[in-house]
Amino acid sequence: MLYHDFLTNDQRTIHKWLHYFPIYEKFFNKFINNSVTLWEIGVFKGGSLQMWKRYLGPFAIIVGIDIDSRCKTVEENQIHVRTGDQSDTKFLQSVIDEFGAPDIVIDDGSHRDKDIYTTFNFLYEKVSKNGIYLVEDLHALYMDGTGNDLKDKMEFIDLCKELTECFSDCGHNGCRGRFFEMTYSMSFYDSVAVFQKAERMKGKQGKI
């Protein structure tokens, strides 16, 4: 459905890797025709904002975030664009204050490690309790010319490794961190990380 929309799009340009579409559909399908707030960090030409509007339906609020004020021109019914730096937590909070907690966050912004790391650390906990946080184009962290210093420690990738260990261990050895408590799953694909939220049931597993 979403991939067909991409192929037949005759509106604003959509710039996405083809293998992302099954990932989107797997995690976003449950939000179709529901009251949902989607943030996409990185607006570019605005085509993907229109795509999310068509896919999610008439009850969706689509919020684009970009550092370039010219992106405001892509606003239309259901689509809002706010101008600011994704690593500016005061700015991110102002968007939450205006639109409420996001149900879906797609980080397709600066592709800089420190920005992705800072945004995730601030925003993930604020995503709705059954929401999705998706970071794409992670291959850019390993490429020259993207603003990343390949000699530096990759904070977001290292964070993912740390959270994977936490996710595997914390629930069973007395170290129930907040991340574990509010996260149902972590999934990694070619250039994409997806965090699926859900409040966990308390207590030990019963025996049959």
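Read on for an overview of the structure. (Residues numbered from 1 in each chain as written. Predicted model: local features only at pLDDT ≥ 70, side-chain atom pairs only at ≥ 80, totals over all residues. Heavy atoms only, no water.)

**A few points about unusual backbone geometry**
Applicable threshold: Each helix is a run of H or I in the DSSP string that is no shorter than four residues. Each strand is a run of E no shorter than two, and both are numbered from the N terminus. The cut-offs for exposure are 20% and 50% of the maximum accessible area for each residue type, with area from a 1.4 Å probe on protein chains only; residues under the lower value are buried, those over the upper are exposed, and the others partly exposed.
With a phi close to 55 degrees, Phe-44 is a non-glycine residue in the positive phi region. Relative to the helices and strands, Phe-44 is located in the loop between strand S1 (36-41) and helix H3 (47-56). Note on Phe-44: relative accessible area 53%, which makes it exposed. Its identity as a non-glycine residue notwithstanding, Gln-78 has a phi of 75 degrees, on the positive side.

**Digging into the sheet that holds strand S4 (residues 104-107)**
In plain terms, the rule: Note on pairing: DSSP must find at least two bridges between two strands before they are called paired. Between N-to-C directions, angles span 0 to 180 degrees; the directions come from axes that are lines fitted to C-alpha atoms, helices contributing only their stretch in contact. For this analysis, residues touch if any pair of their heavy atoms sits within 4.5 Å.
Taken in spatial order, the 7 strands make up an open sheet running S3-S2-S1-S4-S5-S7-S6, and their pairing is mixed. The sheet is open, and its two edges are formed by strand S3 (79-83) and strand S6 (183-189), each paired on a single side. Averaged over all pairs of adjacent strands, the angle between strand axes in this sheet comes to 15 degrees, irrespective of strand direction. Relative to strand S7 (residues 192-197), strand S5 (residues 132-135) runs antiparallel, the two being bridged by 4 bridges. Counterpart to Tyr-133 in the pairing with S7 is Phe-195. Contacting S4, S5, S6 and S7, helix H2 (residues 21-28) runs over the sheet at an angle of about 170 degrees to S5.

**What about the packing of H2 against H3?**
Our working definition: Angles below 35 degrees are treated as roughly parallel, those above 145 as roughly antiparallel, those between 65 and 115 as roughly perpendicular, and all remaining angles as oblique. Rotating anticlockwise by less than a right angle from the far helix to the near helix defines a left-handed crossing, while the corresponding clockwise rotation defines a right-handed one. Side-chain classes are defined by residue name, with Ala, Val, Leu, Ile, Met, Phe, Trp, Tyr, Cys and Pro counting as nonpolar, Asp, Glu, Lys and Arg as charged, and the others, Gly among them, as polar.
As a packed pair, H2 and H3 sit with axes 13 Å apart at the nearest point and diverge in direction by 45 degrees. Classified by the interaxial angle, the pair formed by H2 and H3 is oblique. Classified by chirality, the crossing of H3 by H2 is right-handed. Mapping the contact onto sequence places Phe-21, Tyr-24, Glu-25 and Phe-28 in H2 and Met-51, Trp-52, Tyr-55 and Leu-56 in H3. Per-class residue counts for the contact of H2 with H3 are 7 nonpolar, no polar and 1 charged.

**Concerning the side chain of His-111**
Spelled out, the test is: For the purposes of these results, a polar contact is taken to be a pair of N or O atoms within 3.5 Å, where, inside protein, one atom must be able to donate a hydrogen and its partner to accept one; residues adjacent in sequence count only when each atom of the pair is a side-chain atom.
In this fold, His-111 is placed in the loop between S4 and helix H5 (113-123). The class of His-111 is buried, set by a relative accessible area of 19%. Side-chain polar atoms of His-111 contact the side chain of Asp-108, separated by 3.0 Å.

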